[in-house]
Structures are given as structure tokens and as C-alpha cells.
Amino acid sequence: MPVSRRLILAAAGILLGSGFGRAAAQSYGQRVAVTGDDGKAVANSILPGEITGQIPALRGVTYVGPRDAATTLYEFFDFNCPYCRKAAADVVALHAGDADLRIGLVHNPILSPQSAQAAKVMLAVQRKLGSDAAWRFYQTLLGKPGRIDGPGALAAAAALGIPQADVEAIADSEEVRAALKSQMRMAADLGLYATPSYVLGNNGILGHPGARAMAQMIASVRRCDRLAC
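Quick caveat, the model's predicted, so the values are computed rather than measured. (Residues numbered from 1 in each chain as written. Predicted model: local features only at pLDDT ≥ 70, side-chain atom pairs only at ≥ 80, totals over all residues. Heavy atoms only, no water.)

1. Some words on the confidence of the model for the protein chain
- Per-residue confidence for the protein chain averages 89 on the pLDDT scale, and 88% of its residues sit at or above 70.
- Scored below 50 in pLDDT, residues 1-12 makes 27 contacts in the model with residues more than four places away or belonging to other chains.
- Segment residues 16-25 is flagged for pLDDT under 50; beyond a separation of four residues in sequence, or across chains, it makes 14 contacts in the model. (pLDDT = per-residue confidence, 0-100. Contact = heavy atoms within 4.5 Å.)

What follows is the structure in C-alpha cells.
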């Protein structure tokens, strides 16, 4: 399926202008001693509340879970990050198993222009059909093997019943471009230079710790506002 030259160029422009590559705003180490499902230390940091408090205002974030949930987990991801495929399955399982968890999907397509193309298509789906459809789109794309690009993303959007012309028009819009740029800038401001990365309360987590470790961190944040009590 063809993808417009404008969509390709706009995706590349977002990568160049996002601010990624500047010095990370936060220093990640082992601020809290936590390990992943593989037994390895998980890099994490305490983030400034004045920055994390701006995440809910970002446009185009895909949310699932109750609006009044006590806990929100934000995943910053890239469609072409191999670790994001495993993470997606675990994030979906966390959503299914925790009725009081709200999940926000934030785009951080730092690996390639193709990743940015796919991110723009998901933002178009979210704008056209809402978060439930975008959530299904996320699962579909990250459930497939191989590289994800604009044509593949457009095909997934078409399967949801959106004409390609409509998707491209929305994906090429200034509103979508601004939304994606602001999401990437937020990731850079938080020092989230790996994908996937997470924000849980005021805690930043680099890399995917695994489903069991993440569930334990969520439980700890609920008890004591830290990744481990």
C-alpha cells in the first residue's frame, strides 16, 4: 500500500526537530533497588513532579482503564523497538489483570522515520476513532513480526474501517505533528532515552522489567509511592 511522500518527510522532520539527542534531563541509575524478571537491575530515577505533572496534558495519548484509577502507568514506546513487542504483550496483560490501573501510551519514535510514520498513523486512528481503536491498533502492530512502517500502519488502520485517504489527511495534519513532537519532547525532558521506558507516579523506569516486576512496582507505588517499599 503506498504511503504519501508528505507523510514520510513529515515523519523525518519530527525526528530531526524533536530535541532527541540533547543531554538527558535526568540521571538514571539505581535510585531504588529493583530487579526485573530476568534478575538484572532495573535503571530508574525519581522524576520532578513539575514535569511528570504535565504528561496528562499531552495531546494524543492513548488511554485504557478507568479515568478515576488511583494509578497510571505511562509507556513511552517505539514501534520498531524489538523489546517493545514483548512489553506490549505484558502491558496488555497488566491491563487485563488490574481493574484499577490506567495505562497511557506515549509515542517516542526515536529509532527511525518509519517508526514516526507508524506513530502518526496511530495518532490519526486515535483522533478518528478514539482510544479503544488506537489500543487495538497498538496490539495489532506490535503483535506482528518484522519492521513496521507507514504502509503497514496504513493497512492496520484500514482493517479498522478507516479509508486510507482519511488516515493520511489526519496523519499529515499540523495537530498530529505537534502532538507527536510534544510527546517526544516530553520523553527527552524526562531522560527516557531507551524504549520502552515508563513513568509510574514520579518514577522513571528505563527498559522493560517484565510483567511480574512491573506488577510488583505498581503495588509498591500504591503502598509507599516508591518502586520498592
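2. Some remarks on the layout of surface pockets
- Counted as a void, the largest pocket has a volume near 310 Å³.
- Taken together, 17 residues make up the lining of the largest pocket; nearest its centre are Asp38, Gly207, His208, Pro209 and Gly210.
- In terms of residues, the lining of the largest pocket owes the most to one element, helix 3 (residues 82-97), which gives three residues.
- Its residues assigned to classes, the lining of the largest pocket shows seven nonpolar, five polar and five charged. (1 Å grid on protein atoms, 1.4 Å probe; cavity = no way out; pocket = protein on both sides within 12 Å on 5 of 7 lines; lining within 4 Å. Points joined across faces, edges and corners; volume = space filled by probe spheres on them. Helix = DSSP H or I, 4+ residues; strand = E, 2+ residues; numbered from the N terminus. Nonpolar A, V, L, I, M, F, W, Y, C, P; charged D, E, K, R; others polar.)

3. Quick look at the pattern of salt bridges
- Under the counting rule described, the total for this entry stands at seven salt bridges.
- A salt bridge links Asp172 to Lys120, with the nearest nitrogen and oxygen atoms 4.0 Å apart. Separated by 52 residues along the polypeptide, Asp172 in the loop between helix 7 (164-171) and helix 8 (174-189) and Lys120 in helix 4 (residues 113-129) bring together distant segments of the chain. Residues Asp172 and Lys120 agree in their burial class; the two are buried.
- Note that Glu175 is salt-bridged to Arg127, the shortest N-O span being 3.2 Å. Of this pair, Glu175 sits in helix 8 while Arg127 sits in helix 4, and the two are 48 residues apart along the sequence.
- Among the ionic contacts, a cluster of salt bridges with common partners joins Arg59, Arg127 and Glu175. (Salt bridge = Lys/Arg side-chain N within 4 Å of Asp/Glu carboxyl O. Buried < 20%, exposed > 50% of the residue type's maximum accessible area, 1.4 Å probe, protein only.)

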